[in-house]
Amino acid sequence: MDRSQPFLLPPSVQEFIPEDDLAWFLIDAVAAMDTTAFHARSRLGSAGRAGYDPDMLLTLLVYAYCLGQRSSRRIEALCVRDLGFRVVTGNRVVDHSTIAAFRANHEEAIKKLFTEVLLLCAKAGLRQVGVVAVDGTKIAASAGLGKTREREALQREYERLSAEVESMLAQAAATDAHQDSLYGPDNRGDELPAELRRRLDRLARLKETLRQIDQARAEHDADEHGPTPTGRPRRADKIATAQRKLDQLTQRRDQRVAKEQAAGRRLPGSRPDYDALIAQAEADLAAAQGQADTTPTPEPPDTTPTPEPPDTTPTPEPPGTALAVRPGCSVEHLPSAARRGNATDPDSRMLRTQRGWTQGYNCQAASVRVQHGRRLVLAAEVSQDANDVRLAIPMMDTAVVNADRAGLGTIDLFALDAGYWSDDNLTAPGPDRVIAPGKNRVMLTELRANGYATDEPPPDASPADRMRHRLRTQTGAESYAQRAPTIEPVFGDTKHNRGITAFQRRGKPAADNEWKLINATSNLLTLHRHTRDLARGRPPATNTDRSAQRNEPT
């Protein structure tokens, strides 16, 4: 083998990879998109060296994300070694700083890319035919869990760094004065030392972290003790909460007794011990009333304005002291975001996963089964909430808007798991939805034991009882059974197949931008498989949905 043999003819990138390769498909896909926003900041002519074509950089970024490569330095190395990347770049090697700057400078345009991809899918004939499933997964932030500390520790760190910065600024000013006396005021030497710049940067992040903790405490106080828009009692109002629980148990017992009297027999299934539950609820109500009688009434705060002393410190002002906790409460009862923060990424949160705790974000997605058994992501959002209950309505609204803009059809039904269960999500206006009240295995066990429900729910049934009854019917059970095979493979492909388990950039806006790009490339992979199967003259592969068969009662 003679590896020193030169090419007899100049090589052509047209011959590097097959015509149906993903790289050629993405080049054509980007050419069909509206990339005007990416060209607005480009410089392809006039004075100086011409910049790279924005369409080429966008194709390079999308191609890398499709393959799970998100590091700008790794992408630069692949532009040398990988034939697909060389086809995308036209045999040029793009510097990693150019890739990183392109990704950071076009955040808004990349967000709009998500809708552009949905438009391409609609034009290719991939239109929704099934239930839209909404779920969330935890993606780690670019911050270590060990850097998450309590507010008091962050406050001490802030004060320590403030003192160091003040000392270093004074030392720098003395050095500048000494050098000016030696070399004259017009000579250089007045730049801040690199160590001081790093401390100032960490000081700013600490201040932002403390501000977010105080904001979370204020929001928690408003949620627990502020006015209620729906009239339901707050969790902090223990008397109203206990009374509401007692009323619910009494109502359920009376309804069950009425059903058994009307049927002339005992209803099948396990029967709760309502007498014991009601006795416990009455005891809880009495305890809450007794605790309220012994709780001291807090004095009204002093609203007299205090004159502020003049600020003569050159460093940033430290954040205010922590918000006072209401009488009868303790810091341990506050949510995690109101107690601790992470100075590396102040926007990230401590979240519980199946494998323990992680520092990251709650990433939401709405997916739908389309023709030929494929899946499309209709909406992708990043949240700081630890659970999903407050994210159902925003995700459904976003999915409806995106589907309407792309012309994918009307959404008739949403399927959500027990993490979204609440009266507000059940009764909010919008498309029809099914929400599980608990674990799916418990629902399947009840279906196998009791069979499908064929009667109508009671006229005075609450929204929660109506949903429970609906999921016991054959239509409701089959509709909810489509949730898992619609949304879970999307997360599995992202985390397992593409290896995306953590964000590359810091901050909620940057993480949200990256999450949209991840799901946009997921839709492009779906579109590529669809068009490749059609071009090869064979029907696209179908995925038989056997979830309804698994729910058949035995």
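Conventions adopted
Residues numbered from 1 in each chain as written. Predicted model: local features only at pLDDT ≥ 70, side-chain atom pairs only at ≥ 80, totals over all residues. Heavy atoms only, no water. Helix = DSSP H or I, 4+ residues; strand = E, 2+ residues; numbered from the N terminus. Buried < 20%, exposed > 50% of the residue type's maximum accessible area, 1.4 Å probe, protein only. Contact = heavy atoms within 4.5 Å. Areas by Shrake-Rupley, 256 points an atom, 1.4 Å probe, with all protein chains shown as cover. Salt bridge = Lys/Arg side-chain N within 4 Å of Asp/Glu carboxyl O. Arc of directions from axis to C-beta. Axes fitted to C-alpha atoms, helices over the stretch in contact; angles between N-to-C directions. Parallel < 35°, antiparallel > 145°, perpendicular 65-115°, else oblique. Nonpolar A, V, L, I, M, F, W, Y, C, P; charged D, E, K, R; others polar.

Draft legend 1. Local environment of the overall build of the chain. A tally of helices and strands in the chain yields 19 helices and eight strands. Split into buried and exposed, the 554 residues of the chain put 40% on the buried side. In the chain, the share of contacts with a sequence separation of at least 24, taken over all contacts with a separation of at least 6, comes to 73%. When the accessible surface of the chain is summed, it comes to about 30900 Å², and 51% of that surface belongs to carbon and sulfur atoms.

Draft legend 2. Broad picture of the pattern of salt bridges. Applying the stated criterion across every chain, the model contains 14 salt bridges. Linking D465 and R468 is a salt bridge whose minimum nitrogen-to-oxygen distance equals 3.2 Å. With D465 and R468 both in helix α15 (residues 463-472), this residue pair falls three residues apart, about one helical turn. The exposure class assigned to D465 is partly exposed, which follows from its relative accessible area of 23%. Shared partners join several salt bridges into a network, and the residues in it are K111, E381, D512 and K516.

Draft legend 3. Main features of the environment of V382. Within the element layout of this structure, V382 appears in strand β6 (residues 375-383). Distance in space between the C-alpha atoms of V382 and N513 is 8.7 Å, their sequence separation being 131 residues. Setting aside residues up to four positions removed in sequence, V382 forms contacts with Y361, N362, C363, F503, K508, A511, D512 and W515.

Draft legend 4. Fine view of unusual backbone geometry. Positioned with a positive phi, N91 is a non-glycine residue whose angle comes to about 65°. By the secondary structure assignment, N91 is in the loop between α5 (83-89) and α6 (96-105).

Draft legend 5. Focus on helix α4 (residues 72-81). Here α4 has its buried residues at S72, I75, L78 and C79. Down the axis, α4 shows its buried residues gathered within 115° of arc, on one side only. In this structure, α4 carries R73 and R81 as exposed residues pointing more than 90 degrees from its buried face. The secondary structure elements touched by the buried residues of α4 are α3 (54-66), α5 and α6.

Draft legend 6. Representation of the packing of α3 against α6 in the model. Relative to each other, α3 and α6 sit at 95°, their axes nearing to 11 Å. Classed by the angle they form, the pair α3 and α6 counts as roughly perpendicular. Along the contact surface, α3 presents P54, L57, L58, L60, L61 and Y65, while α6 presents T98, I99, F102 and R103. Broken down by class, the residue content of the contact of α3 with α6 amounts to eight nonpolar, one polar and one charged.

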